[in-house]
Amino acid sequence: MIYTSNDTLPQTLLLGMAFSGTDVIIGDDGYQLFLKTPGNTLKPGMDGSYVTINAENGIWEIGTDFGGYSRLYYYEHGDHWAISNSFYDLSEHLSANNFPMSAYLPGAGGMRISGALGQQPLSDRTPITEIRLLPRSQMIRICPQAERGQFQRVPAPHDAEGLDSLEASYEDGVRRYIKTWIGRYVTILNSDIHLTCDVTGGLDSRTNLALLLRAAKVADVDLASTVHFNSNSGLKRDRMISELIAKHFNFPIGLASTKDYRRIDLHDSYQIWKSHYLHSYWPVYFPTVVRSDKHFWTGGFGGGAHRWVTVIGGAQTVTKALERKRDAFPIADQFDGLISDVEACISELTADKNQPQNTIVCHFRNFRERFHHGRRSQHINSLSPLAGAGL
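Residues numbered from 1 in each chain as written. Predicted model: local features only at pLDDT ≥ 70, side-chain atom pairs only at ≥ 80, totals over all residues. Heavy atoms only, no water.

Enquirer: How would you sum up the overall build of the chain? Please name residues and give values.
Expert: On a plain count of helices and strands, the chain comes out with 10 helices and 14 strands. Based on the C-alpha atoms only, the size of the chain along its principal axes is roughly 60 × 55 × 50 Å. Within the chain, counting contacts between residues at least 6 apart in sequence, those at least 24 apart form 66% of the total. Just so you have it, the chain exposes about 19,100 Å², and 51% of that area is on carbon and sulfur atoms. (Helix = DSSP H or I, 4+ residues; strand = E, 2+ residues; numbered from the N terminus. Contact = heavy atoms within 4.5 Å. Areas by Shrake-Rupley, 256 points an atom, 1.4 Å probe, with all protein chains shown as cover.)

Written out as structure tokens, the structure is:
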């Protein structure tokens, strides 16, 4: 998806997959059907992995899902703007159409940071000065008729699904959340969607599995014949525990018949990787098969966002953790610019009362959790019950 200030924006658009209550909406065809019911709409900040565009009274609002697993990059230069869900596609399009761009060295600094901290973006800055990453807590508002401020970044809805307005107790909120996700799994199990479920020895995976098992009872569905259960045979302890769980609940692990997907040739795989992952995730994982939009994948992803980890290797701030990497930068100004960008980004994020105030927790949720966990969502419909807006 690419739109610029020279283009006409659609009145509505959905790229990806979204949830509204227990409904599952897939792609723009699904969104147009969903919109036929009066009152239905998909705002930014709901569960799923999507980019949505909605226009009302000549004003367009463009945003992503709550977790930011789909991402938006935006370009600004003078009166010109552009948006895309791909850094590579956007930069190629702008270059081909002679939009002014300049290199920004600190924006590429993350590639010099070893370990998990440097595997994804560290701030909203990119290697191109005029292109930035939109924070997951914000959306774009475009007002073509406005004399000033036609292109704006504004807060995305914090409570798009109306959970806060219920004023429920913590226990009632958890019950409602569990009921909602069981209902979503019931919707999926009663459809023609093919579901793959990761099963490991971890608490997060087993929590998600409990939701799926309960949904199977409600839907009166035999999971053994409808869901492909996946477990990594290379992780011996995890595999041992997952096999014990599978035996107890009477479902098989790794049925070969559920894995029949067309292989992608190397050229197409490389193009997909550039479009989906360049800038957003540095470790290289080339897509190997063509996935159907009716193939969903679920597991315990997102559980790490709820662990209040406030220290990185003994460092109590992101800045202190990054300072240990200074020697990896032969150009001091590049490192200083990187640090300044990270601090400015965290300062903006923590100014939002709905964001964690601890800088390490805030940075983890907005970058590591978003891009490491969210990388699968770029080429498959990935379900993340433990990372939902309601928690």
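Enquirer: Tell me about the nonpolar core, and name the residues and values.
Expert: Ranked by internal contacts, the top residues of the largest apolar core, which has 30 residues, are Y185, L189, L212, L223, V227, F229 and L383. Listed by contribution, the elements that provide at least two residues to this core are β2 (12-20), α3 (170-189), β11 (194-198), α4 (203-219), β12 (227-230) and α6 (236-249). For F229, the residues in contact, after removing those within four places along its chain, are C197, V199, L209, L212, L223, F251, P252, I253 and G254. (Core = buried A, V, L, I, M, F, W, Y, C linked by side-chain atoms within 4.5 Å. Buried < 20%, exposed > 50% of the residue type's maximum accessible area, 1.4 Å probe, protein only.)

Enquirer: Give a detailed account of the environment of S280, specifying residues and quantitative values.
Expert: Mapped onto the elements of the fold, S280 is located in the loop between α7 (266-277) and β13 (295-298). Classification of S280 as buried rests on a relative accessible area of 1%. Between the C-alpha atoms of S280 and R206, which are 74 residues apart in sequence, the distance is 29 Å. Contact partners of S280, with chain neighbours within four places excluded, come to R71, Y73, Q119, Q120, P121 and F371.

Enquirer: How would you sum up α7? Please name residues and give values.
Expert: Helical periodicity: at 3.6 residues per turn, an α-helix aligns residues three or four positions apart in one direction. When the terminal C-alpha atoms of α7 are compared, their 16 Å separation across 12 residues agrees well with the 16 Å that a helix rising 1.5 Å per residue should span. For α7, every residue scored as buried is listed here: S269, W273, K274, S275 and Y277. Each element contacted by the buried residues of α7 is listed here: α2 (87-96). Measuring from the backbone nitrogen of H267 back to the side-chain oxygen at the start of α7 gives 3.1 Å, which picks out D265 as the cap. (Expected span 1.5 Å × (residues − 1). Polar contact = N/O pair within 3.5 Å; in protein donor to acceptor, adjacent residues only side chain to side chain.)

Enquirer: Help me get a handle on the side chain of S70, residues and values and all.
Expert: Take S70: it is sitting in the loop between β5 (59-64) and β6 (73-77). According to the relative accessible area criterion, S70 is buried, its value standing at 11%. Only 3.1 Å separates the side chain of S70 from the backbone nitrogen of Y50, close enough to count as a polar contact. If we ignore the near neighbours within four places in the chain, the residues touching S70 are S49, Y50, V51, T64, D65, R370 and Q378.

Enquirer: Help me get a handle on the sheet that holds strand β7 (residues 80-84), residues and values and all.
Expert: A sheet is described by the order of its strands in space; here 4 strands give the open sequence β1-β7-β6-β8, paired in antiparallel fashion. Whereas interior strands pair on both sides, the edge strands pair on one side only; in this sheet they are β1 (2-4) and β8 (131-133). Within this sheet the neighbouring strands show an average axis-to-axis angle of 20 degrees, counted without direction. Of the strand pairs in this sheet, β6 and β7 are connected by 5 bridges, and their pairing is antiparallel. Its bridge partner lying in β7, Y75 is registered against A82. Of the strands in this sheet, β1, β6, β7 and β8 touch α2, which is tilted by about 145 degrees from β7. (Pairing = 2+ DSSP bridges. Axes fitted to C-alpha atoms, helices over the stretch in contact; angles between N-to-C directions.)

Enquirer: Could you give me a rundown of the pattern of salt bridges, with the residues and numbers involved?
Expert: In total, this model carries 11 salt bridges according to the counting rule given. Residue R125 is joined to D341 by a salt bridge in which the shortest nitrogen-to-oxygen separation is 4.0 Å. One end of the pair, R125, is in the loop between α2 and β8; the other, D341, is in helix α9 (residues 332-350), with 216 residues separating them in the sequence. D341 gets classed as buried once you look at its relative accessible area, which sits at 11%. The residue D172 makes a salt bridge to R175 at a minimum N-O spacing of 2.9 Å. Here R175 and D172 lie together in helix α3, a separation of 3 residues that amounts to about one turn. Among the charged side chains, a salt-bridge network with shared partners connects E323, R326 and D336. (Salt bridge = Lys/Arg side-chain N within 4 Å of Asp/Glu carboxyl O.)

Enquirer: Any chance you could break down the sheet that holds β13 for me, citing the residues and the numbers?
Expert: The sheet built from 4 strands is open, its strands ordered β12-β11-β13-β14 with parallel pairing. The open sheet has two free edges, formed respectively by β12 and β14 (381-383), since each of these has just one partner strand. This sheet shows a mean twist of 25 degrees between the axes of neighbouring strands, independent of strand direction. Sheet topology note: the β13/β14 ladder contains 3 bridges and is parallel. By the bridge assignment, T298 is partnered in β14 with L383. Sheet contacts for α3: β11, β12, β13 and β14; angle to β14, the most-contacted strand, approximately 145 degrees.

Enquirer: Describe the pairing of β7, naming the residues involved and giving the relevant values.
Expert: Among the 5 residues of β7, 4 are classified as buried, and the element is accordingly described as predominantly covered. Examined bridge by bridge, β1 and β7 share 3 bridges and lie antiparallel to one another. Counted as the bridge partner of I2 is S84 from β7. Connecting β6 to the next strand, β7, in antiparallel fashion are 2 residues, including G78 with a positive phi near 60 degrees.

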